[in-house]
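Residues per chain, in single letters:
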Amino acid sequence: LVISPVANDGTIALTNNSSGTVHLIADTSGYYTAGTPSTPGAFSSQAPFRQLDTRNGTGGTTGPVAPGATIRVPVTGRGGIPATGVSAVAINVTATSPTSFGNITVHAGGTTAPGTSNLNFTPGDTTPNLVISPVANDGTIALTNNSSGTVHLIADTSGYYIRG
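Keep in mind that this is a model prediction, so the values were computed, not measured.

Draft legend 1. Layout of the nonpolar core. Counting 24 residues, the largest nonpolar core has V89, I104, I141, L143 and L153 as its most contacted members. When contributions to this core are tallied by element, the ones reaching two or more residues are β2 (70–74), β3 (86–96), β4 (102–108), β5 (119–121), β7 (140–147) and β8 (152–162). In terms of residues, this core owes the most to one element, β3, which gives five residues. Listed in part, the six residues of the second largest apolar core include F43, A88, A90 and L130.

The following block contains the structure:
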């Protein structure tokens, strides 16, 4: 699942970053109108911005996330996301190098993780998923590692929803 800005000519770009060929299928399931959003609940698409990468410390956490651990990531005021007035973000979360089966739950920072998963992974794989996550009043989201092993996490925002 992807939320992508559309170029002025009405196109989007799909890029194969592998060394081999690949067939691509793209289905549209909705759209956002152009302009500067101002109505509460409106979505503002932004260029992707790396908010978290535990492999190199981007976002304040360095090293794999421990089993059962929750990390908080500041997302407002960075990468086109305003410092205030944000209720939720569209964020692509990637789990990489997991040492066990598990899942990640994404939620507002400082809140209890709900009993659901946003991203399920298997040992050794790299698995991404697009998540719409509420943002805490302090501008953070939280990612909880619901597994018995460690996992590196990467998170890229691609837009936000205006707080009502």
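Draft legend 2. Quick peek at the side chain of S100. Mapped onto the fold, S100 is located in the loop between β3 and β4. By relative accessible area, S100 is classed as buried at 15%. Reaching out from S100, the side chain makes a polar contact with the side chain of S148 at a distance of 3.0 Å. Look past the residues within four positions of S100 in its chain and what remains in contact with it is F121, T122, P123, S148 and G149.

Draft legend 3. Inspection of the pairing of β4 at higher detail. Along β4, seven of the seven residues are buried, which leaves the element largely enclosed by surrounding structure. Pairing analysis gives three bridges linking β4 to β5, with the strands arranged antiparallel. Residue pairing for β5: G102 is matched across the bridge by F121. Of the strand pairs in this sheet, β4 and β7 are connected by seven bridges, and their pairing is antiparallel. Following the sheet pairing, N103 is matched in β7 by N146.

Conventions adopted
- Residues numbered from 1 in each chain as written.
- Predicted model: local features only at pLDDT ≥ 70, side-chain atom pairs only at ≥ 80, totals over all residues.
- Heavy atoms only, no water.
- Core = buried A, V, L, I, M, F, W, Y, C linked by side-chain atoms within 4.5 Å.
- Buried < 20%, exposed > 50% of the residue type's maximum accessible area, 1.4 Å probe, protein only.
- Helix = DSSP H or I, 4+ residues; strand = E, 2+ residues; numbered from the N terminus.
- Polar contact = N/O pair within 3.5 Å; in protein donor to acceptor, adjacent residues only side chain to side chain.
- Contact = heavy atoms within 4.5 Å.
- Pairing = 2+ DSSP bridges.

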